[in-house]
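This is what each chain is made of:
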Amino acid sequence: MTPPVKARSGHILLDPKRSYKDLVRVYPEIHRRVAEMNRPFVKETDPLLPDVLLDENLRDLKGDRKPAGYNRQDAFGLRLIFPLADEKRAEFYFTKPARCQEVVQITEQVSVLLRRRGIKHSVEYDRLPLGPARGPPGLPPIGAATMFGSS
């Protein structure tokens, strides 16, 4: 399958026989790439934050637990999320607020890295459930009954 040009989220689902512990050797490289892509958004007051997050995440991975990832509240930053969705299958994904090439690029780079290390996985794009469409502030949600149009 050829990847899309742009995506809002890029998901990597490990083979069901794999666990978080299998990511210990490759996670520092994944984390470094995410931190590099977020460098323009890092606040000067948090220069050690990526290193602290790396240590915490590696500790969780070594204990075969779901790590925190890299989920900073930067408006345009790249996020690395380890969702709670499926307890039977280790998964993580990259996301940005808008569809962009960076999400596809890092997802494909990490997929190659995992393949080189012999970690079986699959890649999917834009699997995030998005909420209902919203209209401009102050107006009712799209499709909602109003006193003007529906009876």
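Since this is a predicted model, take the numbers as computed values, not measurements.

Is there a simple way to explain unusual backbone geometry in this structure?
Note: most peptide bonds trans; most residues except glycine with negative phi. Of note in the backbone geometry, Asp64 takes a positive phi value of approximately 60 degrees without being a glycine. Considering the arrangement of structural elements, one finds Asp64 in the loop between helix H2 (49-62) and strand E2 (79-81). For Asp126, which is not glycine, the phi torsion reads 50 degrees and is therefore positive. Within the element layout of this structure, Asp126 appears in the segment after strand E4 (121-125). Note on Asp126: relative accessible area 32%, which makes it partly exposed.

How should I be thinking about the packing of helix H1 (residues 27-37) against H2 in this particular structure?
Relative orientation and spacing of two packed helices are given, respectively, by the angle between their axes and the distance between those axes. Running from N to C, H1 and H2 point in directions that differ by 150 degrees, and their axes come no closer than 11 Å. Considering their axes alone, H1 and H2 lie roughly antiparallel with respect to each other. Considering how the two elements wind past one another, H1 and H2 form a crossing that is right-handed. Together, Tyr27, Pro28, His31 and Ala35 of H1 and Pro50, Leu53, Leu54, Asn57, Leu58 and Leu61 of H2 make up the contact between the two elements. The residue makeup of the contact of H1 with H2, split by class, is eight nonpolar, two polar and no charged.

What counts as what
- Residues numbered from 1 in each chain as written.
- Predicted model: local features only at pLDDT ≥ 70, side-chain atom pairs only at ≥ 80, totals over all residues.
- Heavy atoms only, no water.
- Helix = DSSP H or I, 4+ residues; strand = E, 2+ residues; numbered from the N terminus.
- Buried < 20%, exposed > 50% of the residue type's maximum accessible area, 1.4 Å probe, protein only.
- Axes fitted to C-alpha atoms, helices over the stretch in contact; angles between N-to-C directions.
- Parallel < 35°, antiparallel > 145°, perpendicular 65-115°, else oblique.
- Left-handed = near helix turned anticlockwise from the far one by under 90°.
- Contact = heavy atoms within 4.5 Å.
- Nonpolar A, V, L, I, M, F, W, Y, C, P; charged D, E, K, R; others polar.

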